[in-house]
Each structure stands twice: as C-alpha cells, then as structure tokens.
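Residues per chain, in single letters:
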Amino acid sequence: MAAATEDGIQRGGLIARVLIYGVLIFAAAYFLLPLYVMLTTSFKTLGQISGGSLLSLPSPWSTEGWSAAWSSACTGGDCTGLHQYFWNSVRFTVPAVLLSTLFGAINGYALTKWRFRGSELIFALLLGGTFVPFQMFLLPMANVLGKLGLANSLAGLTLVHTVYGIAFTTLFCRNYYVSIPDELVKAARIDGAGFFSTFRYVILPLSTPILMVCIIWQFTQIWNDFLFGVVFTSGGSHPITVALNNLVNTSSTGIKRYNVDMAGAIITALPTLVVYMVAGRYFMRGLTAGAVKG
Amino acid sequence: MAVLNIENVSKSFGDTEVLKDINIEMAEGEFLILVGPSGCGKSTLLNMIAGLEPITHGDITLDNLRVNERSPRERNIAMVFQFYALYPNMNVRRNISFGLKMRKVPKGEQATIVDRVAKMLQIENLLDRKPAQLSGGQRQRVAIGRALARDPALFLFDEPLSNLDAKLRVEMRTELKQLHQRLKTAMVYVTHDQIEAMTLGDRIAVMHEGKVQQLGTPREIYDSPANRYVAGFIGSPAMNFITCDLAERDGRRVVQLDSGKGPVDIELTEAQSAAMANHGQSKIVLGLRPEHLAPARESDGQSLDCVIDVVEPTGPDTYLLTRINDTYTTARCTPSVAPAAGDSIALTFDIERAVFFDAESDKRIA
Amino acid sequence: MADSSPNVALLQRWLDRWLPKLSLIPSGLASLIFIYAFIAWTIWLSFTSSSLLPSNNFAGLKEYDVLFQLDIWWVSVANLAIFGVLYVAFCLAIGLFLAILLDQKIRAEGWLRTIYLYPLALSLVVTGVVWKWMLNPSLGLEHVVQSLGWTGFSFDWLIDPNMAIYTVVIAAVWQASGFVTALFLAGLRGIDSSIIKAAQMDGASLPRVYLSIIIPSLRPVFFSAVILLVSLAIKSFDLVIALTGGGPGYSTWVPAIFMYDFGFNRGQIGLGAAAATLMMAAVALAMLPMLFAELKERRDGRSH
C-alpha cells in the first residue's frame, strides 16, 4: 500500500517507514558511539576500563582522568597536563580568526563594491590558496618564520593561520556581498561616506551572518589544525591538538591511561563542539560554501 | 547661470562606447528628464553627474565648477535610487541624517533638519521605523527625504517610481512635481516612462543608443520630434508612420495615400510644401499621431475612405485600426461615434499637425 | 562643501580613488609571497640537493629519482590509493543513502542531521584518538563482541600491518560521511518535487524515480563531493598520525607523512619538497575535471 503524504508524493507504506526510521536511528547511533565511548571512558577508573566493557557506564563516576588530563598528564617532555596547551591554542586561534575574518570582509567588500580593472584577477589570485595542499608551504614557511624570529612562537602560528585563512574568508564574504545591492554603496557615497565609513556604517551592520560563518569556519579550522602546529612549534608552544597526540601516543609510563586519553580528547574537542552546538546552521553554511569552490 | 553643464561627454566601457558626445546645459530650477529605453545610457550619464562613474571624455560642470575628478561627496548633489537604497540597519531618522553625519553637521542641527524634512513629506510618524517595516511608497518617501536633508544644488533621480504599483506611481508623480514647484531646485530625472517624462519635465532629453536624440520642452518633443525615433518613443499609442509617394499637383505638394480603394492625394500645407522644396526623393514618411486621424464629419475637407479592421475601446477614447499604404494605422475617436469592425468610413487628416521624415535618414523634414 | 582646505580635499579625493585598491594590498601581497612564491620555492627545492638546510645546488631530477626508488614512498602512495578509493566510495555511498532516507519527510530530521554532522567539528586528532581506543584489540570493540558470546571474534587490524590502513578508512569515513550526507541532502532539496509527482503519475515507483531521475540529476553534487574528498584524502595527515602513528612499522604511511618526516625529521629537504610537489600535482589532477566541467558549463551557458 502506498500512502500519499501532504506534499503529494507517494512514499511507501508503514513497513517501509519503520525500516527507514530504523536505519536512520542506527546511523545516528553509529555517529554517536565514539562520543559516548569518549565520555564514559573519561569518567572511569583504570580498573573499570581493564575489567569492564567498552560500552558500560562508569560506576562510580570518577574525575581522575579529567584532572590528570588537565593538569598532570605527560605530553612528551613535561607532565603538566593539557591546560597550558589549551591556552596556547586560545592565544593564537582568537587573533588569527579575527584577523583573517577582518581581512576577508574588507577584501570581499572591495572586490564586490569597488570593482576595478583587474579586481577579478586579484580575486582569483587570493582564491589560489584554497586549492594547494599545505605541504607545499611548509618548507619555505619554516625558513621564513626562522628568519623573522617567529619560529616556535604563537605569533608565528597566528601569522600562518591568518595568511592561509584569508582565501576562505574572502571567498565567503565576496559571495555574500555580491547579493547586497550596489545602490546602497552608491547612496552612501552620495551621502558623503568614503571607503571605510561606507564599510563601517553600511556594510558591516549587514554582515552578521557572513561574519558568523567566517568566524565559525576559521575557528574550527584553526583550533583543529595539527599540521602547522606540529611543524612550526615545539615543546611548550605546541597547540592542544599536538599536545593531545603527544599525550596519547608518546606515553612514557608504559601503562595506557585511556580515561586520561579520552578526557584529553574531549577537552580538545569541546570548544569546536560547543560552537557547533550553538551555531550549527552557520557551520553548515560555511561547509557548503567552502565545498562549492574548496 | 547654469547649474549643470555637460560638454562633449562620452563614456566607454572597454571598447564599447555607451555615451557619445553628450551636450546638455541646465538652468537653475529646471526639471530635466533623461528618457530612453533600457541600455540607452541614461543611468550611466546620471551616475557620471553624481561622480559614481568616471568620465571618459569631456567635462561636467556643476555650479560653474569642473567636477570631473571630484568624488560624489565633493559634489553638491543628492540622489534618489530606483530600489530606494535605504540603509536597512538604520531607522528612518538615521537614514535621513546619515549624509549630515558624514558631513559633520552638528547633532542639534541634524535633528532640526530631519524634523523639517519629515514634516514636509509627512513621514513624522515613521521616523523610528526600520526600512523593512515600511511600504514601497513610504520607502521612496524616506529616500526622497534623505535627498532633501542635504539641501543640494541639484537633485538626481534614478527611475525612482518604477518600483511602485501603477496607482501609487501616479500619486507620487504629482507629489514630486509639487515638491519641485515648492523647492525650485534643479532636478535631473531618469526614466524609461514617456508619460513620466511628459508630465514632470520642463525639458526632456530623449536618449537612444548613447546619444541625445532631441533636447526640448515636452511640447517641442511631442509636436516637432527631431526624428522618427523620438516621434515613436513619445506618445501612446505611438505615432503612425506611413511611407508614401510625394507628388506635385497644381503647384502644391501632395502625398498619395491608398486604403485599398485606389490612391488619394492629400494636400500639404504651404509651410510643409516649402520645407519639402529641397527634398529630392519621391518617397517620404508621413508621421501622424492617432488623435490627428479621426472619422470625418460633413464639413471636413481632405478625407480617405478606410475599412476598419479592429476597434479598441479604452474608455475615454476608442482606437480604430485600419490599413493605409499597407501599414496598420491607428485613428482615434470618441466612443459615441465609433464604428464597428468591418465598417467602411471616411477618416480625415489633421494635416497641419502631421510631420514628415526622410525615408532613409529618419530625420524630420517638415 | 564639506572640506575647507584644498589640501585635505585633494588627499580625500586621492583616498577615495585608491583606498579600495590599497585595502587589497596586504592580502594580495601575502598571497603572492606565502602562496605563489612558496609554491615556486618548494618546486625549486625539489630540483636541488637540499638536505638539512635549503641549498641552491641545482640537481635536476635527482631527488625524484631517489624518491622513486624508495620503497617507503611507494608504500605511502599505495596506501593513499587504497585509502582514497575506499574513503571516497564509502563516504559517497553512505552519504547518498542517508540523504535519500532523510529526504522522506522524516520527523526529527533536524536532530538527525545535527548528529550526523558533528564529527566534522572535531579535530582529526580527536577522531584518531577515540577510534584508536575503540579499535583496541583487547579492550575495544573486539572485547564487546566477544563478551556478547562470540568468543572467537577477532578484530586486530590496528596492529596488523596488512590491515591497519583500513582502520584509517573506518575512522575517516565516520568523520566525513555526515558531511557528504548534508551535501546530498542540499542537492535533493534543490530538485523540483513536481518532477517526482509527474513521474509517479506516469506510473514510476519511488525507487525507480530515484534511480532514473533524481540520482542522475545530482551529478554536480557528486562532482564537488568527489573533488572535496579526494583533496582531503591527499592531504590526510593528522588522522593517520593520531590513529596509527604511521605504523605498525611504516605500513600506514601516506605521502603527507612522508613529506613531513623526510622534510623535517630526517633532514632530507629535497626529498620532502619533491613529495610535496607531487602531492600538489595530484590535487591539480583531481581538480582538472571540475575545471573542464566549469569551462564547458560557461561555454554552454553562453551559447543558449
């Protein structure tokens, strides 16, 4: 029996519907399983982990994994937990996100609202950065950072992430600003506003959605980066992703403390997960915008 | 003294020349219309006056000051746009005062000006609303208010009414005319609507293919179009163009018209004959507006028997379609004397009002 | 007029004219240096005999010669091929399947979509760490299945050099298939539902409509998804490091690890640069079809 739904399309009967829901819920379980395992393991004691099942709930709940991961676990050289690396990541991610978003917005604005001969060429030039594997930039960048005295520094990472983020933010902003009517900018110019005052008073107040997309996209990319972090920093200036990897994969003690590993993984994942929960729709928009060209 | 002087101005985008050698001088307090089909260059010309487009060649003078290199903010102008271009994030008050703020007018003075403008346009009750909360007509009123606040030497209008519905458009047209009569500030108004052009303009520049085809008062444009393009563009229903043979009979010039019942000679006026004296060709295009071709009464002189193919009542007038010299020709009559389709009636020519064009160059001869 | 002093007016006029261009200079310059000059630099390095430090000794194709004789390079390339093909295939299959199911007027679609997509917000290092734990041969999923009664069950791919690369596929597919689902779902939403109704009135069953009308019309989505996944696969680095560390031995090395290890740990800059250059060539090759499609579309668009 086929049943017509309210949109007039015949979609199969009850059994088919049950099957569809079954598969979708199974898929949801598949996607959620690692998150569940991460959370439950992080609250178990080592004894519970080696004695119990991967899927069992902790009993009793223990925060020893969490406190170790935050403040005492060994990450390669030292044994002070992830906290200082967490703040490292905050310290270069925030300025790099803001700078790349700001530049992207200004570029997008200049490229759409003040078009001139050659502006399309400049856009293509900027866009080039979205296609090339970052491996092409590592060797020269390591050299240049060394010459600038920025090797192994958070300032260096800020520079790297800003530079390679601009291509994406420019693309997002340009595509958004194209849809803002040119007449608005003309009106502002007639009203006596120049390049920056038009941007500040007219364009920027209309930009909240696209700035959100840029900020969330850039935040996720930069926070989650591992490659630049591992190549351009060492020791105490590692970002949290590198520190997590060191925590998990270079344990010197011999005993694997999975509760600490999982707590560390959640600490690393938490900022981007929270952003995803709070502003998921902007996240999706950034992804699809990036997918079209990226 | 000229408010605006456009001298030998041309504009190219790459290899395409969109404006060719434009010359317009505008007197103080004048309402000038730039009218033409889309792509004729009228909006580009307006943007050049505003300083939004660079000038490729020639000079634009505002208040006797050459402004070619000046940015919009250095020109004493204000502009109203087709899609209103209100700042969506600002309320009406801030929209109107934005230009004053950018020009660093003191806050107190800004408030006074906004209040004055709002009163003049009767939008006092809208001042705290955002543009999204306004109707189309209200938005355009605010956009006009924004221009008024500046108190410029010259107002520029870029098809300001074309986004409104038909009824509102007519109302706003009247209001604009009243506004101009009150302010007596010069205005340049771009439109593609020939009725707007006729009703609003002190003078009209009809533009086509990047050139000013004719610049003149509405009467001049309507009664003495410079060429066939202008004649066809202005007036609705459009002027009839009938290609006919030119002959001479008893020392008078005549044109030969045939409605399918054999050629009939229609005598031209003396002035027309005189103007035609130097015209070598035997073919000529007779331009006759529908209101100058009507069912003949007993007393009328020259007339032509025609078969009416289509009858189109519009209310105040009824239009009759017939064929003269194998061209569909429109005549106008009052509904009370309208014939039925298929009837054969005599149509009379108001030949004094007719105009004549060269069959090749399309220029008006007489 | 606004400005009293002629000099201020002149400066303002100059700024009005040049600011839009000036504002693009920092980014333009940055991309000229950090993208284009760096690309050239890396390509140049791949033609030199640079080892611990970059040098300018032109060595022709010597580094490429060396590279092609290294067993470890070919292992990396083979791993990338296996990983890339399976990763793209599974992501597309799961993504399309889930998207079609989600498109059936599902009640909790928003929630499901949120759940399917969240892995993409995670760092690949986190993904690697958690899957490493779940795939742990003694305490992970193997243990769960065994405790369900299937005591003979064995799942030790993570420590099996022949199978370890497939664990990378498992984790990577988990991370990205929700994203592909979202892409396909967006594509499905773009299809005019009246086409489906019309086809059903002509007597076509829903699966038939999907097979012969809807899926073919998703071609552009397939296209961009494939390009995206291929370039992600070629760049994959973090996940492998976190999940297997490239091991056991170097059985799960991929070119990105090769490039990093030779370029930065082993002091073989020339080899690292050659590997990077080949990676870029591979991405470019993957992009070519898209470029052609775009050009063709433009040409067709113009001829209409």
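Nothing here was measured: the structure is a model prediction, and the numbers come from that model.

Trainee: What exactly am I supposed to notice about the overall build of chain C here?
Mentor: Per the secondary structure count, chain C includes 13 helices and 0 strands. Listing each helix as α and each strand as β along chain C from the N terminus yields α-α-α-α-α-α-α-α-α-α-α-α-α. Taken against the 2.2 N^0.38 rule, which gives 19 Å for 304 residues, the C-alpha radius of gyration of chain C at 26 Å runs more than 25% over that of a compact globule. Taken along its principal axes, the extent of the C-alpha atoms in chain C is 90 × 65 × 40 Å. Looking at chain C as a whole, 51% of its 304 residues are labelled buried. Excluding contacts between residues fewer than 6 apart, the proportion of contacts in chain C whose partners are at least 24 apart in sequence is 68%. On chain C, roughly 14100 Å² of surface is accessible, and the fraction owed to carbon and sulfur atoms is 67%. Computing the positive centroid from 18 side-chain charges and the negative centroid from 17, chain C places the two 10 Å apart.

Trainee: Looking at this structure, I do not really get a positive patch on the surface. What am I missing?
Mentor: A cluster of basic side chains, namely R200 of chain A together with R94, K101, K107 and K130 of chain B, defines a positive patch on the protein surface. Looking at where K101 of chain B falls in the secondary structure, it is placed in helix α2 (residues 92-102).

Trainee: Teacher, can you tell me more about the side chain of T44 of chain B here?
Mentor: Residues and elements named next belong to chain B. Summarising the element assignment, T44 is placed in helix α1 (residues 42-50). With relative accessibility at 17%, the residue T44 sits in the buried group. Every residue in contact with T44, bar those within four places of it in the chain, is listed here: K11, F13, V18 and L19.

Trainee: Is there a simple way to think about the interface of chain C and chain A in this case?
Mentor: Taken together, the contact pairs 93 residues of chain C with 89 residues of chain A. Counting each side, the surface lost to burial between chain C and chain A is near 8100 Å², with a carbon and sulfur contribution of 77%. Per-residue buried area on chain C facing chain A is highest for L24, Y118 and W133 of chain C; these three make up 9% of the total on that side. At the surface where chain C touches chain A, the tally comes to 0 salt bridges. Counting across the interface, chain C meets chain A through 22 residue pairs in polar contact (both at pLDDT 80 or more). Considering each element in turn, the side of chain C that touches chain A owes the most residues, 20 residues, to helix α1 (residues 6-46) of chain C.

Trainee: Even after reading the chapter, I still don't get the interface of chain A and chain B, so can you show me in this structure?
Mentor: Where interface size is given, it is often the accessible area lost as the parts come together that is meant. Opposite the 16 residues of chain A that make contact, chain B presents 26 residues. Carbon and sulfur atoms make up 63% of the area that chain A and chain B hide from each other, which totals about 1800 Å². In terms of surface lost to chain B, no three residues of chain A exceed E183, I190 and D191 of chain A, which account for 39% of the buried area on that side. Applying the counting rule to chain A against chain B returns 0 salt bridges. Ranked by residue count, the leading element in the side of chain A that touches chain B is helix α8 (residues 182-190) of chain A, at 7 residues. Here the side of chain A that touches chain B is composed, by residue class, of 9 nonpolar, 3 polar and 4 charged.

Trainee: Please clarify how the packing of helix α8 (residues 193-201) of chain C against helix α9 (residues 206-217) of chain C should be interpreted in this entry.
Mentor: All names here are of chain C. For the pair α8 and α9, interaxial distance at closest approach is 10 Å and the crossing angle is 125 degrees. When the interaxial angle is binned, α8 and α9 end up oblique. Of the two elements, α8 crosses α9, and the hand of that crossing is right-handed. Seen from α8, the contacting residues are I195, I196, A199 and Q200; seen from α9, they are L206, V209, I213 and I214. Residue composition of the contact of α8 with α9, grouped by class: 7 nonpolar, 1 polar and no charged.

Trainee: Looking at this structure, I do not really get the packing of helix α1 (residues 14-42) of chain A against helix α4 (residues 109-117) of chain C. What am I missing?
Mentor: The relative placement of two packed helices is expressed as an angle between their axes plus a distance between the axes. Between α1 of chain A and α4 of chain C, the least distance of the axes is 8 Å, while the angle of their chain directions is 35 degrees. When the axes of α1 of chain A and α4 of chain C are compared, the crossing they make is left-handed. For the pair α1 of chain A and α4 of chain C, the contacting residues are L24, A27, A28, F31 and L32 of chain A in the first and L112, I115 and Y116 of chain C in the second.

Trainee: What should I look at first to understand the sheet that holds strand β16 (residues 303-313) of chain B in this one?
Mentor: By way of backbone hydrogen bonds, the strands of a sheet pair with one another, either parallel or antiparallel. Residue and element names in this part refer to chain B. If you walk across this open sheet you meet the 5 strands as β15-β19-β16-β17-β18, and the pairing is antiparallel. Of all the strands in the sheet, just β15 (293-295) and β18 (327-333) have a single pairing partner and so form its edges. Within this sheet the neighbouring strands show an average axis-to-axis angle of 50 degrees, counted without direction. Looking at chain direction, β15 and strand β19 (residues 344-349) are connected through 3 bridges and run antiparallel. Opposite P295, over in β19, you have L347 as the bridge partner.

Trainee: In this structure, what is going on with the pairing of strand β1 (residues 2-13) of chain B? I would like to understand it.
Mentor: Regular strands have side chains that alternate between both faces of the sheet. All names here are of chain B. Taken together, the 8 bridges between β1 and strand β2 (residues 16-27) define a ladder with antiparallel strand orientation. Its bridge partner being in β2, S12 is matched across the sheet by E17. Hairpin connection between β1 and β2: a loop of 2 residues separates the two successive antiparallel strands, and G14 in this loop has a positive phi of roughly 65 degrees. Pairing analysis gives 5 bridges linking β1 to strand β4 (residues 57-62), with the strands arranged antiparallel.

Trainee: Any chance you could explain the domain arrangement of chain C here in plain terms?
Mentor: Residue and element names in this part refer to chain C. As far as domains go, chain C holds domain 1 (1-45) and domain 2 (61-303). The C-alpha-based centres of domain 1 and domain 2 are spaced at 40 Å. On the side of domain 2, 6 residues touch domain 1, which itself brings 4 residues to the contact. Together, the buried faces of domain 1 and domain 2 total about 380 Å²; carbon and sulfur atoms form 79% of this surface. Broken down residue by residue, the surface that domain 1 buries against domain 2 is led by T42, I43 and L45, which jointly contribute 85%. Between domain 1 and domain 2 we count 0 salt bridges in total. Connecting domain 1 to domain 2 are 0 residue pairs in polar contact (both at pLDDT 80 or more). For the side of domain 1 that touches domain 2, the per-class residue count stands at 3 nonpolar, 1 polar and no charged.

Trainee: Quick question: what am I supposed to make of the nonpolar core here?
Mentor: Counting 232 residues, the largest nonpolar core has Y164 of chain A, L154 and V188 of chain B together with Y87 and Y116 of chain C as its most contacted members. Broken down by element, the residue count for this core peaks at 15 residues, all from helix α7 (residues 164-189) of chain C. Filtering out sequence-adjacent residues up to four positions away, Y116 of chain C remains in contact with L24, A27, A28 and F31 of chain A together with L98, L102, G178 and T181 of chain C. Within the second largest apolar cluster, 44 residues are counted, among which are I96, L126, L164 and I234 of chain B.

Trainee: Hey, could you run me through the packing of aromatic side chains in this one?
Mentor: If you walk through the whole model with that rule in mind, you get 50 aromatic pairs over all chains. Taking 5.5 Å as the distance between ring centres and 70 degrees as the angle between the ring planes, the aromatic pair formed by W114 of chain A and F195 of chain A counts as edge-to-face. Taken as a pair, W114 of chain A in the loop between α4 (83-113) and α5 (119-127) and F195 of chain A in helix α9 (residues 195-203) lie far apart in primary sequence, 81 residues in all. For the pair W114 of chain A and F195 of chain A, one class covers both residues: buried. When the ring of W253 of chain C is compared with that of F262 of chain C, the centres are 6.4 Å apart and the planes differ by 90 degrees; the resulting orientation is edge-to-face. Residue class for W253 of chain C comes out buried when judged on its relative accessible area of 7%. Over the face of the ring belonging to F241 of chain B we find R228 of chain B, whose NZ or CZ atom lies 4.7 Å from the ring centre.

Trainee: Explanation requested: the sheet that holds β2 of chain B in the structure shown.
Mentor: Residues and elements named next belong to chain B. If you walk across this open sheet you meet the 4 strands as β2-β1-β4-β5, and the pairing is antiparallel. Every interior strand has two partners, whereas the edge strands, β2 and β5 (65-66), have only one. α1 rests against β1, β2 and β4 of the sheet, and its axis sits at about 120 degrees to β1.

Trainee: For this particular structure, what's the right way to read the pairing of β19 of chain B?
Mentor: Pairing geometry for β16 of chain B and β19 of chain B, over 5 bridges, is antiparallel. Of the residues in β19 of chain B, the one forming a bridge with S303 of chain B is T348 of chain B.

Trainee: In this structure, what is going on with the pattern of salt bridges? I would like to understand it.
Mentor: Where side chains of opposite charge bring their charged atoms close, a pairing between them can arise. As enumerated under the stated definition, the model contains 28 salt bridges over all chains in all. Two residues, E120 of chain A and R174 of chain A, come together in a salt bridge whose shortest N-O distance is 3.6 Å. You can see E120 of chain A sitting in helix α5 and its partner R174 of chain A sitting in helix α7 (residues 154-177), a full 54 residues away along the chain. What makes R174 of chain A buried here is its relative accessible area of 17%. In this structure, E30 of chain B and R203 of chain B form a salt bridge, with 2.4 Å as the shortest nitrogen-oxygen distance. Taken together, the positions of E30 of chain B in the loop between β2 and β3 (31-35) and R203 of chain B in strand β9 (residues 203-208) put the pair 173 residues apart, joining distant regions of the chain.

Rules used in this analysis
- Residues numbered from 1 in each chain as written.
- Chains lettered and ligands numbered in written order.
- Predicted model: local features only at pLDDT ≥ 70, side-chain atom pairs only at ≥ 80, totals over all residues.
- Heavy atoms only, no water.
- Helix = DSSP H or I, 4+ residues; strand = E, 2+ residues; numbered from the N terminus.
- Rg over C-alpha atoms; globule rule 2.2 N^0.38 Å.
- Buried < 20%, exposed > 50% of the residue type's maximum accessible area, 1.4 Å probe, protein only.
- Contact = heavy atoms within 4.5 Å.
- Areas by Shrake-Rupley, 256 points an atom, 1.4 Å probe, with all protein chains shown as cover.
- Lys, Arg positive; Asp, Glu negative; His and termini not counted.
- Charge placed at Lys NZ, Arg CZ, Asp CG, Glu CD.
- Patch = residues over 30% accessible without salt bridge, like charges linked within 9 Å, V, L, I, M, F, W, Y side chains within 5 Å.
- Salt bridge = Lys/Arg side-chain N within 4 Å of Asp/Glu carboxyl O.
- Buried area = accessible area lost by both parts, 1.4 Å probe.
- Polar contact = N/O pair within 3.5 Å; in protein donor to acceptor, adjacent residues only side chain to side chain.
- Nonpolar A, V, L, I, M, F, W, Y, C, P; charged D, E, K, R; others polar.
- Axes fitted to C-alpha atoms, helices over the stretch in contact; angles between N-to-C directions.
- Parallel < 35°, antiparallel > 145°, perpendicular 65-115°, else oblique.
- Left-handed = near helix turned anticlockwise from the far one by under 90°.
- Pairing = 2+ DSSP bridges.
- Domains from an automatic or database assignment.
- Core = buried A, V, L, I, M, F, W, Y, C linked by side-chain atoms within 4.5 Å.
- Phe/Tyr/Trp six-rings, centres within 6.5 Å; stacked < 30°, edge-to-face > 60°.
- Lys NZ or Arg CZ within 6 Å of the ring centre and 35° of its normal.

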